[in-house]
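So the chains spell out like this:
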Amino acid sequence: MALSIMTIASPALEASLKVYKITGDITLKSGNRWKPLQRRAEITSSDMLRIPAGATVEILDSDTRRLYSSLTSGDMSVKTIISEAINDADRVTHKTNQRILAAISENGEKRKSRYGSTGLSMHDTDASSSALTASDPSKPYLQQLMQLPADANYNDSADIILIRRDITDSDKTFNFAVFNTLDQYLYINIIDQNDNGDINFYFNENPIVKPIGETVIGEYRYLLPEESSGYIVIGSDMPFNADDIRTILNGGTPKATGNFFYSLLRI
C-alpha cells in the first residue's frame, strides 16, 4: 500500500475553504471592488479580505474540518490568515512543550517505560480486548487500525484514549483531548483513519500530554464532520516524526527509539 504523509500546514492552503463565521463588516476583493463577505461562501487561498479593527473571520478547511481564526486587522490574503493561525497554534504548542520539558528536567524525572522495549512494543495492540483480536500478527497494528471497517466494533480500552471535547453546545466545534493512563509523559499526534492510503498529521509539532490524566489540545479547534469519521492518536515516550510513522506502517523499525501507543476515536 502506497502511503503519503503530510503536515497539516500544506494541504490547508490547497483544500476546499469556506467562511464559517464572521464578526464585523469584512469585505472580499472582487476585481477592483470590495463586496461584503458572506457566511458559508467558498473562498480560495489567494482571495483578499479586508478586516477592520475588532472584526474577525473564521475559515473552515472542509477536508480536515479545522477552523482558522484571523488574528489581525487589515487587508490580507486568506493564505496569510491561515498561515498566521497555524504559526500561532504552533507557538503555543512549542511553548507548552518547552515548559513541560523544563519542569521534567528540574524535577529530575526520568522517562521510563513499563515495558522496556524499543520501537513497537507488544502491549500497544490491546488485541485481547479489541476488534483486532483475530487480526494478522504479521501486519503492523497501526496499518490494521487504519483499515478497520467502519462497522467493526472497537474496544477503547487502551494505554491512551482519544477524546472529543465539545467547546459549546451550539456551534458544533470541539477540541481533541488525550487521556494518558501511563505514568510517563507522551508525545502525541493525530491522523485520519483512511482507506485510501493518504494520511495527515493534525499537529506540526507533537504536543506533550501529561501522565495519568487528560490533556486538552486547546490551541486546535475543529468542526464536527458531516459524516462519521475516524481519528487515530499516536503516542510515544520519545519524539517521533512522519518518517517514523511511514516506517511503522510499512512494517519496518522506526528510527525513533520509544514505545508507540495507539487508539481510535470515531465521531
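The structure this text deals with has already been given above.
All of these numbers come straight from a predicted model, not from anything done at the bench.

### Considerations on helix α4 (residues 242-249)
Line of reasoning, step 1. Among the residues making up α4, those that are buried are Asp-244, Ile-245, Ile-248 and Leu-249. The buried residues of α4 all sit within an arc of 135 degrees when viewed along its axis, so they share a single face.
Line of reasoning, step 2. The N-terminus of α4 is capped by Asn-241, whose side-chain oxygen sits 3.1 Å from the backbone nitrogen of Asp-243.
Line of reasoning, step 3. At the exit of α4 stands Gly-251, carrying a positive phi of roughly 85 degrees.

### Topic: unusual backbone geometry
Line of reasoning, step 1. One non-glycine residue with positive phi stands out, namely Arg-40, at about 75 degrees.
Line of reasoning, step 2. Summarising the element assignment, Arg-40 is placed in the loop between β4 (33-36) and β5 (42-43).
Line of reasoning, step 3. In the Ramachandran plot, Arg-65 falls in the positive-phi region, its phi being about 70 degrees despite a non-glycine side chain.
Line of reasoning, step 4. Looking at the element boundaries, Arg-65 is found in the loop between β7 (56-61) and β8 (67-69).
Line of reasoning, step 5. Relative accessible area serves as the criterion here: at 11%, Arg-65 is assigned to the buried category.

The rules behind the values
- Residues numbered from 1 in each chain as written.
- Predicted model: local features only at pLDDT ≥ 70, side-chain atom pairs only at ≥ 80, totals over all residues.
- Heavy atoms only, no water.
- Buried < 20%, exposed > 50% of the residue type's maximum accessible area, 1.4 Å probe, protein only.
- Helix = DSSP H or I, 4+ residues; strand = E, 2+ residues; numbered from the N terminus.
- Arc of directions from axis to C-beta.
- Polar contact = N/O pair within 3.5 Å; in protein donor to acceptor, adjacent residues only side chain to side chain.

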